[in-house]
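So the chains spell out like this:
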Amino acid sequence: ESTPAVTTSNVAEQAAALRTTIRRYDHEYYVLDAPSVPDSEYDRVFRELKALEEAHPALITPDSPTQRVGGAAMSGLLPVRHRIPMLSIETETDITPQGAHNFDARVRKKLGLLPEDAAIEYAAELKFDGLALSLRYEHGQLIQAATRGDGEVGEDVTHNIRTIRQIPLQLHGAAPEVLEVRGEVYMSRPDFERYNASQREQGKATLVNPRNGAAGSIRQLDPRLAAQRPLSFFAYGLGETKGWEVPPTHAQVLDALKDFGFPVCQGRTVGVGPESLAAFHQAIAAKRDQLTYDIDGVVYKVNRLDLQRELGFRSREPNWAVAHKFPAQEEMTVLEQIDVQV
Ligand code: NAD
């Protein structure tokens, strides 16, 4: 039988080793925009650390990757302190429809609801695989665009964002004193293919994938480079607002953002209870390949903003949202091959 001291130190060493690996992957992904492993491998190591920390809470350090959001700021770009932190989203590990029920159960428990209490209304939307941005408008004018960075401090990328035609420089209609819009900048698949084909023709370097193409373009110092890259944007939420009556639900916020002139993805729905979420997950998984841009799952959000406030957030993610992913593409291929053989 092993002594507790030995076990603890082994587990501590294991946690330290996992953290070192994750920090290296994070640096490659968030700072260099050049990951060396697929997301499924990153997620696996991250889950392993999370499970270890859950079993041994004393091991959790405030700087553990499980306790903080994404990447550090790149030198050369000016730091921007977010007035409201830009959080990550918890990932539901069960990729079957049951994942939607797990999320609903967590939300209901946190709100202290009983089984006989009414079902909760949710908004479901796509999880775009790009780079998170916060756009700040004062009196209707775009004055600053920042990356998420570590969630507290991001990078000023206003010079590059101004080159994206889909992002309004001036809001449509009556403008609030302050409106911070959060969303995802991405490169569509056809734009990615066209850009790479043209680069190849000119004997120039090609982009590895649309996600890194978008992130790498936005985090350039020279706006002329970003201007040559075809980038798009979807708005999906709010940061700070002043002088604006925020609508009562998330879905209405998105409608309002559309009216202000932002592209808002039409692939979204509002439904009551977890069944509607599971149905959305299934429908999108079936359509995923027909989309003109990459997604890495769907996101469920509690629709009422007053309930979102009541649910609050943890160190790195809100309690009112979850990312429900799909089986990784490689894994899907393997499953299909097995099906054919059987
Ligand atoms: P995340 O990127 O999975 O989720 C949070 C982000 O989702 C938000 O910041 C936002 O930008 C985005 N998002 C997209 N659509 C949204 C919507 N409709 N509503 C709200 N937000 C939306 O979380 P994370 O913690 O930043 O990163 C983890 C992801 O990055 C994982 O998929 C992981 O595999 C990948 N990653 C990979 C490596 C690697 O080496 N391969 C390294 C680090 C991270």
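Provided above is the structure to which this section pertains.
To keep things clear, this report deals only with the structure shown in the data block. (Residues numbered from 1 in each chain as written. Predicted model: local features only at pLDDT ≥ 70, side-chain atom pairs only at ≥ 80, totals over all residues. Heavy atoms only, no water.)

Here we take up the sheet that holds strand 9 (residues 269-272). Spatial strand order, 2-11-10-3-9: five strands in an open sheet with mixed pairing. The strands lining the two open edges of the sheet, one partner per strand, are strand 2 (91-92) and strand 9. Across six bridges, the pairing between strand 3 (residues 121-128) and strand 10 (residues 295-302) is antiparallel. Looking at the pairing, Leu 126 lines up with Val 298 of strand 10. (Pairing = 2+ DSSP bridges. Helix = DSSP H or I, 4+ residues; strand = E, 2+ residues; numbered from the N terminus.)

This part is about the pattern of salt bridges. Counting across every chain of the model gives 28 salt bridges. Ionic pairing is found between Glu 125 and Lys 301, a salt bridge with its closest N-O pair at 3.0 Å. Placement of the pair is Glu 125 in strand 3 and Lys 301 in strand 10, with a sequence separation of 176 residues. Across the pair, exposure class does not vary: Glu 125 and Lys 301 are buried alike. Between Arg 314 and Glu 317 there is a salt bridge, with the nearest N and O atoms lying 3.6 Å from each other. Within this structure, Lys 50, Glu 90, Glu 92, Arg 106, Arg 314, Arg 316 and Glu 317 form a network of salt bridges that share partners. (Salt bridge = Lys/Arg side-chain N within 4 Å of Asp/Glu carboxyl O. Buried < 20%, exposed > 50% of the residue type's maximum accessible area, 1.4 Å probe, protein only.)

Among the residues making up helix 8 (residues 250-259), those that are buried are His 250, Ala 251, Val 253, Leu 254, Ala 256 and Leu 257. Downstream of helix 8 by one or two residues, Gly 261 has phi in the positive range, about 110°.

A word on the packing of aromatic side chains. Applying the stated criterion to the full structure yields twelve aromatic pairs. Relative to Tyr 30, the ring of Tyr 29 has its centre 4.9 Å away and its plane inclined at 80°; by these criteria the two rings are edge-to-face. Relative accessible area serves as the criterion here: at 18%, Tyr 29 is assigned to the buried category. Taking the centre distance of 5.5 Å and the plane angle of 80° together, the rings of Tyr 137 and Phe 262 count as edge-to-face. (Phe/Tyr/Trp six-rings, centres within 6.5 Å; stacked < 30°, edge-to-face > 60°.)

Relative to the elements of secondary structure, Thr 66 occurs in the loop between helix 2 (39-55) and strand 1 (79-81). Within the structure, Thr 66 has its side chain in polar contact with the side chain of Gln 67 (distance 3.0 Å). If sequence neighbours within four positions are ignored, Thr 66 has contacts with Phe 46, Leu 49, Lys 50, Glu 53, Ser 315 and Arg 316. (Polar contact = N/O pair within 3.5 Å; in protein donor to acceptor, adjacent residues only side chain to side chain. Contact = heavy atoms within 4.5 Å.)

Quick look at helix 9 (residues 274-287) now. With 14 residues, helix 9 ought to run about 20 Å at 1.5 Å a step, and its terminal C-alpha atoms sit 20 Å apart, in line with that. Buried positions along helix 9 lie against helix 3 (98-110), strand 3, strand 9, strand 10 and strand 11 (321-324). (Expected span 1.5 Å × (residues − 1).)

What surrounds the ligand is a group of 26 residues, the closest being Tyr 30, Asp 43, Lys 127, Arg 148 and Glu 184. Take Ser 88: an N or O atom from its side chain is 2.9 Å from an oxygen atom of the ligand. Between an oxygen atom of the ligand and a side-chain N or O atom of Lys 325, the distance comes to 2.8 Å. Against a free-state accessible area of 840 Å², the protein chains account for coverage of 93% of the ligand. If you list the elements that add at least two residues to the shell around the ligand, you get helix 1 (4-31), helix 2, strand 3 and strand 10. Along the lines of polarity and charge, the residues of the shell around the ligand split into 14 nonpolar, one polar and eleven charged. (Near = heavy atom within 4 Å. Areas by Shrake-Rupley, 256 points an atom, 1.4 Å probe, with all protein chains shown as cover. Nonpolar A, V, L, I, M, F, W, Y, C, P; charged D, E, K, R; others polar.)

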